[in-house]
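Single-letter residue listing:
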Amino acid sequence: MANLDVEEFIQQNRAVADEVETYRGYWESEKHWQPRREFILRNINDFEEPHIDQLLALSMVWANNVFMGCRYSTELLEKVREMAEGIEVEDAPVFKTRDEIMKKQQGQ
C-alpha cells in the first residue's frame, strides 16, 4: 500500500482511520507517527479485534528498530520488516553496532 493508497484507504474507511489515530502515543512526532500509522493501516485487516494489541506491539517493534536502532530476535525483525515492506521512511537514522565501530577503528 503506497502512500497514496493509504490516503485512499483512509478516505474510504474513516471509522478505522479515526480509531487508528487513537493509537498514537503523545511522545510520537509526526515523522515517527506517519510511518507507524501506515504500518498499522497496512496490516489492520490481518488482526481481528482481540488481537489489535499484537498489531500495535509489532508496529512499535518496527518503529523502535527503524528510529532508535533497537534490536530484536531475527525472527521478529523478519516478520515486522515483511509487514512493513514498501513503507518509505524519510531521513531514517543509520545505526552501527559496537563491533562495526571497533572493526572500522582497528582497520585505520
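Residues numbered from 1 in each chain as written. Predicted model: local features only at pLDDT ≥ 70, side-chain atom pairs only at ≥ 80, totals over all residues. Heavy atoms only, no water.

Peer 1: Any chance you could explain the layout of surface pockets here in plain terms?
Peer 2: Take a probe with the size of a water molecule and roll it over the atoms, and the empty space left behind shows itself. Space inside the second largest pocket adds up to approximately 250 Å³. Mapped onto the lining of the second largest pocket, the elements with two or more residues apiece are helix H4 (52-68) and helix H5 (74-83). Classifying every residue of the lining of the second largest pocket gives five nonpolar, three polar and four charged. (1 Å grid on protein atoms, 1.4 Å probe; cavity = no way out; pocket = protein on both sides within 12 Å on 5 of 7 lines; lining within 4 Å. Points joined across faces, edges and corners; volume = space filled by probe spheres on them. Helix = DSSP H or I, 4+ residues; strand = E, 2+ residues; numbered from the N terminus. Nonpolar A, V, L, I, M, F, W, Y, C, P; charged D, E, K, R; others polar.)

Peer 1: Can you walk me through the nonpolar core in this structure?
Peer 2: Across soluble globular proteins, nonpolar side chains show a tendency to be buried alongside one another. In terms of nonpolar packing, the biggest core is built from 25 residues, with Phe-39, Ile-40 and Trp-62 touching the most fellow members. Of all elements in the fold, only helix H1 (3-12), helix H2 (14-21), helix H3 (30-43), H4 and H5 reach the threshold of two or more residues within this core. Examining the composition of this core, we find that nine residues originate from one element, H4, more than from any other. Residue contacts for Ile-40: discarding those within four places in its chain leaves Val-20, Tyr-23, Trp-33, Leu-55, Leu-56 and Ser-59. (Core = buried A, V, L, I, M, F, W, Y, C linked by side-chain atoms within 4.5 Å. Buried < 20%, exposed > 50% of the residue type's maximum accessible area, 1.4 Å probe, protein only. Contact = heavy atoms within 4.5 Å.)

Limitation: the analysis is restricted to geometry and does not speak to function.
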